[in-house]
Amino acid sequence: MTSSASNGPDFEQMWSALLPIGRSAASGGYFRQPWHGAEVELRAWFVEEADRRGLEVEHDAFGNMVAWWRPDGAAGPAVLTGSHLDSVLDGGAFDGPLGVVSALAAYDRLVESGVRPDRPLAIGVFAEEEGSRFGRACLGSRLAVGAASWEDARSLTDADGVRLGDVVEGGAPSSWLAGVGAYVELHVEQGRGLVDLDAAVGAASGIWPHGRWRFDFTGRADHAGAARMEDRADPMLSYAMTALAANKQARLAGQRATFGRVEVAPNGTNVVPSRVSAWLDARADSPSGMADLVAEIERQAAARAERDGTSLSVTAESVTGAVSFDPVLRGRVDGLLGGAVPVLPSIAGHDAGVLQEAGIPTAMLFVRNPTGVSHAPAESAGTDDCLAGVEALATALTGLLTGPGE
């Protein structure tokens, strides 16, 4: 294959085109929420790039997109690559879009190198991966494979009360995935593993179990001045002590626990709140570790609520078990890359995990993130490392498209 430098201009041109879209002038972070202005613009960009390459774009009922390369003679199960274009609120530039741009650049490499695939190639863009609008991570891929029910999901609402069912058509699981035999997702690393290993590119062994739980603390609204401290039933105190307990328990267990979203009612400066709803994101190195962590946080929250005269209800909104990526596919990708890339676990969730759990053999590649920061403006990746990622992805795709089938 040609050197990675030959692909540099195309990759850099595409990346430069995306950088301004949805970027906050104040923070430098990105607001690319699904089916809003910036993300809609990115969708149009993807369709334009696919059309420019002569790829056939398919849209499913859940907002997912896929661009097909089906040259003459290519038959059988397709190889899928890609990622997502949406972001968390005030997120980084690379989480998601790097995988989409790299997939298009890798396709260009294949064409330039004269690769004649035996199987179709699909470049996918999954919708609402971050859950930043409708509160469910990997929602597009979950609906596509049937891991989430459209009957349940259609009633999800965003912060403005807009229903998911009013945004996308919905329906049965996506038929296009039935023709996919393998998925390879490239993603910026969300951590410093590759920095510590001094490697530009790595591969994922699997994904830690993770989930989101809503803690609803209910108390009694009152006047911030007139109500004596000892007479209050303040749910904010119950929540505050729970957030501290979550931090302590996660540190003690070597796991992860984060309260990153809070809603307060009536949300007045001079009012003791009547309700505090807070969302716990918990992750652990094993299902039992995650279950123990959440159970201990809930136990301490309930004990604190009893002391405060408040009540607590806990709702599991989404829970994903541990994912181990297909060992056969992972071995093939490792062999195609000469066994030269380190393997490390992902503590973040991905559409790749959803597809693997749905029975589609899946592998992941990571590109080094010098800051180790993700889901924030400081998320980064150097151009040379990004091009190394394109090179690795193109090499893997070439072998999967032209070698023995799965």
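Above this text sits the structure in question.
On a predicted model such as this, the values are computed, not experimentally measured, just so you know.

Caption draft 1: Quick peek at the overall build of the chain. A tally of helices and strands in the chain yields eleven helices and 15 strands. Taking 22 Å as the expected radius of gyration for a compact globule of 406 residues, we find that the chain reaches 23 Å, a close match to that expectation. Seen along its three principal axes, the alpha-carbon backbone of the chain occupies a region of about 80 × 40 × 40 Å. Taking all 406 residues of the chain together, 53% fall into the buried category.

Caption draft 2: Quick look at the environment of Ala182. Assignment of secondary structure puts Ala182 in strand 5 (residues 180-188). In this structure Ala182 comes out as buried when scored by relative accessible area, which is 3%. Expressed as a C-alpha distance, the spacing of Ala182 and Ala363, which sit 181 residues apart in the sequence, is 8.1 Å.

Caption draft 3: Just unusual backbone geometry, in detail. With an omega of 0°, the peptide bond between Ala265 and Pro266 qualifies as cis. Here Pro266 lies in the loop between strand 9 (256-265) and strand 10 (271-272). Of note in this structure, Cys138 is not a glycine but carries a positive phi near 55°. Examined against the element boundaries, Cys138 turns out to sit in the loop between strand 4 (121-126) and helix 4 (139-145). Judged by relative accessible area, Cys138 falls into the buried class, the value being 4%. One non-glycine residue, Asp198, lies in positive phi territory at about 55°. Inspection of the secondary structure puts Asp198 in the loop between helix 6 (193-197) and strand 6 (201-207).

Caption draft 4: Geometry of the packing of aromatic side chains. Following the criterion strictly, the structure yields ten aromatic pairs and no others. Seen from their ring centres, Phe215 and Phe259 are 5.5 Å apart, and the 85° between their planes marks the pair as edge-to-face. Of this pair, Phe215 sits in strand 7 (residues 210-218) while Phe259 sits in strand 9; the two residues are 44 residues apart in sequence, bridging distant segments of the chain. Exposure class is identical for Phe215 and Phe259. Each is buried. A network of ring pairs unites the aromatic residues Phe215, Phe217, Tyr239 and Phe259 as a single cluster. Above the face of the Trp68 ring, Arg70 is positioned so that its terminal group lies 4.1 Å from the ring centre.

Caption draft 5: Molecular detail of the pattern of salt bridges. On inspection of all chains with the given rule, the structure shows 20 salt bridges. Residues Glu151 and Arg154 are paired through a salt bridge, measuring 3.3 Å at the closest nitrogen-oxygen approach. Residue Asp281 pairs with Arg283 through a salt bridge whose shortest N-O separation is 2.7 Å. In this structure, Asp281 and Arg283 share a single accessibility class: buried. One salt-bridge network, held together by shared partners, links Glu49, Arg52, Arg53 and Asp108.

Caption draft 6: How the structure looks around the packing of helix 2 (residues 37-52) against helix 3 (residues 97-112). Look at helix 2 against helix 3: their axes get within 11 Å of each other, and the N-to-C directions meet at 5°. Accordingly, the angle class assigned to the pair helix 2 and helix 3 is roughly parallel. Here Trp45, Phe46 and Glu49 of helix 2 come into contact with helix 3, specifically with Val100, Val101 and Leu104. Looking at side-chain class alone, the contact of helix 2 with helix 3 contains five nonpolar, no polar and one charged residues.

Caption draft 7: Representation of helix 11 (residues 383-402) in the model. Between its terminal C-alpha atoms helix 11 stretches 28 Å, which fits the 28 Å expected from 20 residues at 1.5 Å a residue. Burial of helix 11 is extensive: 14 of the 20 residues sit out of reach of the surface.

Caption draft 8: Expanded view of the sheet that holds strand 12 (residues 311-320). The strand order 9-11-7-12 describes an open sheet built from four strands, whose pairing is antiparallel. With one partner strand each, in any of the chains shown, strand 9 and strand 12 form the two edges of the open sheet. Sheet twist, expressed as the mean angle between neighbouring strand axes with direction ignored, is 20°. Note: strand 7 against strand 11 (residues 275-283), nine bridges, orientation antiparallel. Its bridge partner lying in strand 11, Trp213 is registered against Leu280. Sheet strands touched by helix 7 (residues 235-253): strand 7, strand 9 and strand 11. Its angle to strand 9, the strand with the most contacts, is close to 170°.

Caption draft 9: Inspection of the environment of Thr402 at higher detail. Turning to its location among the elements, Thr402 is positioned in helix 11. Thr402 sits 287 residues away from Val115 along the chain, and the two C-alpha atoms are 8.0 Å apart. From its side chain, Thr402 meets the backbone oxygen of Thr398 in a polar contact 2.6 Å long.

Caption draft 10: View of the packing of helix 7 against helix 8 (residues 287-308). Between helix 7 and helix 8, the least distance of the axes is 9 Å, while the angle of their chain directions is 150°. As summarised for this structure, helix 7 and helix 8 are arranged roughly antiparallel, according to the angle between their axes. Remark: the crossing between helix 7 and helix 8 carries right-handed chirality. Between helix 7, through Leu237, Ser238, Met241, Thr242, Ala245, Ala246, Gln249 and Ala250, and helix 8, the contact on the second element is made entirely by Leu293, Glu296, Ile297, Gln300, Ala301, Arg304, Ala305 and Asp308. Of the residues belonging to the contact of helix 7 with helix 8, the class tally is nine nonpolar, four polar and three charged.

Caption draft 11: Structural view of the nonpolar core. Counting 56 residues, the largest nonpolar core has Phe11, Phe46 and Leu98 as the members making the most contacts within it. At ten residues, helix 11 tops the list of elements feeding residues into this core. Once residues lying within four places of it in the same chain are set aside, the contact partners of Phe46 are Met65, Ala67, Leu85, Val100, Leu104, Ile123 and Val125.

The rules behind the values
- Residues numbered from 1 in each chain as written.
- Predicted model: local features only at pLDDT ≥ 70, side-chain atom pairs only at ≥ 80, totals over all residues.
- Heavy atoms only, no water.
- Helix = DSSP H or I, 4+ residues; strand = E, 2+ residues; numbered from the N terminus.
- Rg over C-alpha atoms; globule rule 2.2 N^0.38 Å.
- Buried < 20%, exposed > 50% of the residue type's maximum accessible area, 1.4 Å probe, protein only.
- Phe/Tyr/Trp six-rings, centres within 6.5 Å; stacked < 30°, edge-to-face > 60°.
- Lys NZ or Arg CZ within 6 Å of the ring centre and 35° of its normal.
- Salt bridge = Lys/Arg side-chain N within 4 Å of Asp/Glu carboxyl O.
- Axes fitted to C-alpha atoms, helices over the stretch in contact; angles between N-to-C directions.
- Parallel < 35°, antiparallel > 145°, perpendicular 65-115°, else oblique.
- Contact = heavy atoms within 4.5 Å.
- Nonpolar A, V, L, I, M, F, W, Y, C, P; charged D, E, K, R; others polar.
- Expected span 1.5 Å × (residues − 1).
- Pairing = 2+ DSSP bridges.
- Polar contact = N/O pair within 3.5 Å; in protein donor to acceptor, adjacent residues only side chain to side chain.
- Left-handed = near helix turned anticlockwise from the far one by under 90°.
- Core = buried A, V, L, I, M, F, W, Y, C linked by side-chain atoms within 4.5 Å.

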